[in-house]
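# Architecture at a glance
For reference, the chains in residue letters:
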Amino acid sequence: PWWLVLPSAIAAAIGSWLGARAVILFPPTLLRPLILLLLVGVAGYTFMRKDFGVQGRVLAHDAQPTIRALAIGSTVGFYDGFFGPGTGSFLIFLFIRLLGMDFLLASVSAKIVNVATNLAAIAFFVATGAAFWKAAAVMAVCNLLGSRVGTALALRHGAAFIRKAFLVVVVILILRFSADTFLG
């Protein structure tokens, strides 16, 4: 639904640029415990609600969903520019929870918004000379290859499969953030 995704992507790009700018003012490591709690909440909610994101609902073309899309984009965009890990998971969760999308549509929409956040943060970091081009090039190629495989799997297996993959990714993120927070 471009009428929702486009405003969300624009708000996310602005939020991401501001988040990247805020990195120099506030150490991102202080966010780890909060992000860990949010990820545990997302996983718990998704595990408990077996029907969560399996089927979507049709939204009216009015101000309410657009306002929600703008809020999601700007908030998660700022987070992505500032910190980053788990952005796609947060976008998918919020698109399902607040906009009524199923996992497939939420995943597609999250990818579009995430491209906007990435481009905005990249623009900020390139402009300030804080880009590591060799590492970025390898990561970009791997990201493109992984996206291709993920897209094929998502289209072949649908929302129920994406729900399972989403939960696996969120659990892995929880384990990583737990290790970084408590062991690191």
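Located above this text is the structure these notes cover.
This is a predicted model, so every value here is computed, not measured.

Helix and strand content of the chain: six helices and zero strands. Helices (α) and strands (β) of the chain occur, in sequence order from the N terminus, as α-α-α-α-α-α. What you see for the chain is a C-alpha radius of gyration of 16 Å, in line with the 16 Å of a compact globule of 184 residues. Projecting the C-alpha coordinates of the chain onto the three principal axes gives extents of approximately 45 × 40 × 30 Å. Across the chain, every contact between residues at least 6 apart in sequence was considered, and the portion connecting residues at least 24 apart equals 82%. On the chain, roughly 10,500 Å² of surface is accessible, and the fraction owed to carbon and sulfur atoms is 73%. Side-chain charges in the chain split into 14 positive and 5 negative, and the spacing between the mean points of these groups amounts to 6 Å.

This next bit is on the nonpolar core. Among the nonpolar cores identified, the biggest contains 42 residues, and I35, L39, F95, L99, F103, F166 and F177 are the most heavily contacted of them. Of all the secondary structure elements, the ones that give two or more residues to this core are α1 (2-22), α2 (32-48), α3 (63-82), α4 (87-99), α5 (103-127) and α6 (133-183). No other element matches the nine residues that α6 contributes to this core. In contact with F95, not counting residues within four places along its chain, are S8, I72, G100, M101, A106, S109, A110 and V113.

Per the counting criterion, the structure on display carries two salt bridges. A salt bridge links D51 to R49, with the nearest nitrogen and oxygen atoms 3.8 Å apart. For R176, the salt bridge goes to D180, with nearest N and O atoms at 3.6 Å. Highlighted residues: R176 and D180, both in helix α6, separated by four residues, approximately one helical turn.

So, about the side chain of S8. Structurally, the position occupied by S8 is in helix α1. Within polar-contact distance, the side chain of S8 engages the backbone oxygen of A69 at 3.1 Å.

A rise of 1.5 Å per residue sets the reference length of α1, with its 21 residues, at 30 Å; its end C-alpha atoms lie 29 Å apart and thus fit the reference within 8%. Those residues of α1 that sit buried are L4, V5, S8, A9, A11, A12, G15, S16, G19, A20 and A22. If you follow the buried residues of α1, they end up packed against α3, α4 and α5.

To continue, consider the packing of aromatic side chains. Counted under the stated rule, the structure contains eight aromatic pairs. For the ring pair Y45 and F93, a centre distance of 5.6 Å and an interplane angle of 85 degrees mean the geometry is edge-to-face. Of this pair, Y45 sits in helix α2 while F93 sits in helix α4, and the two are 48 residues apart along the sequence. As far as burial versus exposure is concerned, Y45 and F93 are alike and both buried. Here Y79 and F90 contribute two aromatic rings whose centre-to-centre distance is 5.6 Å and whose plane-to-plane angle is 80 degrees, an arrangement assigned as edge-to-face. Taken together, the residues span a long stretch of sequence, with Y79 in helix α3 and F90 in helix α4 at a distance of 11 residues. Each member of the pair Y79 and F90 is classed as buried. Taken together, Y79, F83, F90 and F177 form an aromatic cluster joined through their ring pairs. Taking the ring centre of F177 as reference, the NZ or CZ of R176 above it sits at 5.5 Å.

Right, let's talk about the packing of α1 against α3 for a bit. Two elements in contact, α1 and α3, have axes whose closest approach is 6 Å; the angle formed by their N-to-C orientations is 30 degrees. One finds that α1 runs roughly parallel with respect to α3. Helix-helix and strand crossings are classified by hand; for α1 and α3 the assignment is right-handed. Along the contact surface, α1 presents W3, L4, P7, S8, A11, A12, G15, S16, L18, G19, A20 and A22, while α3 presents P65, T66, A69, L70, G73, S74, G77, F78, D80, G81 and F82. For the contact of α1 with α3, the residue count by class is 13 nonpolar, nine polar and one charged.

Rules used in this analysis
- Residues numbered from 1 in each chain as written.
- Predicted model: local features only at pLDDT ≥ 70, side-chain atom pairs only at ≥ 80, totals over all residues.
- Heavy atoms only, no water.
- Helix = DSSP H or I, 4+ residues; strand = E, 2+ residues; numbered from the N terminus.
- Rg over C-alpha atoms; globule rule 2.2 N^0.38 Å.
- Contact = heavy atoms within 4.5 Å.
- Areas by Shrake-Rupley, 256 points an atom, 1.4 Å probe, with all protein chains shown as cover.
- Lys, Arg positive; Asp, Glu negative; His and termini not counted.
- Charge placed at Lys NZ, Arg CZ, Asp CG, Glu CD.
- Core = buried A, V, L, I, M, F, W, Y, C linked by side-chain atoms within 4.5 Å.
- Buried < 20%, exposed > 50% of the residue type's maximum accessible area, 1.4 Å probe, protein only.
- Salt bridge = Lys/Arg side-chain N within 4 Å of Asp/Glu carboxyl O.
- Polar contact = N/O pair within 3.5 Å; in protein donor to acceptor, adjacent residues only side chain to side chain.
- Expected span 1.5 Å × (residues − 1).
- Phe/Tyr/Trp six-rings, centres within 6.5 Å; stacked < 30°, edge-to-face > 60°.
- Lys NZ or Arg CZ within 6 Å of the ring centre and 35° of its normal.
- Axes fitted to C-alpha atoms, helices over the stretch in contact; angles between N-to-C directions.
- Parallel < 35°, antiparallel > 145°, perpendicular 65-115°, else oblique.
- Left-handed = near helix turned anticlockwise from the far one by under 90°.
- Nonpolar A, V, L, I, M, F, W, Y, C, P; charged D, E, K, R; others polar.

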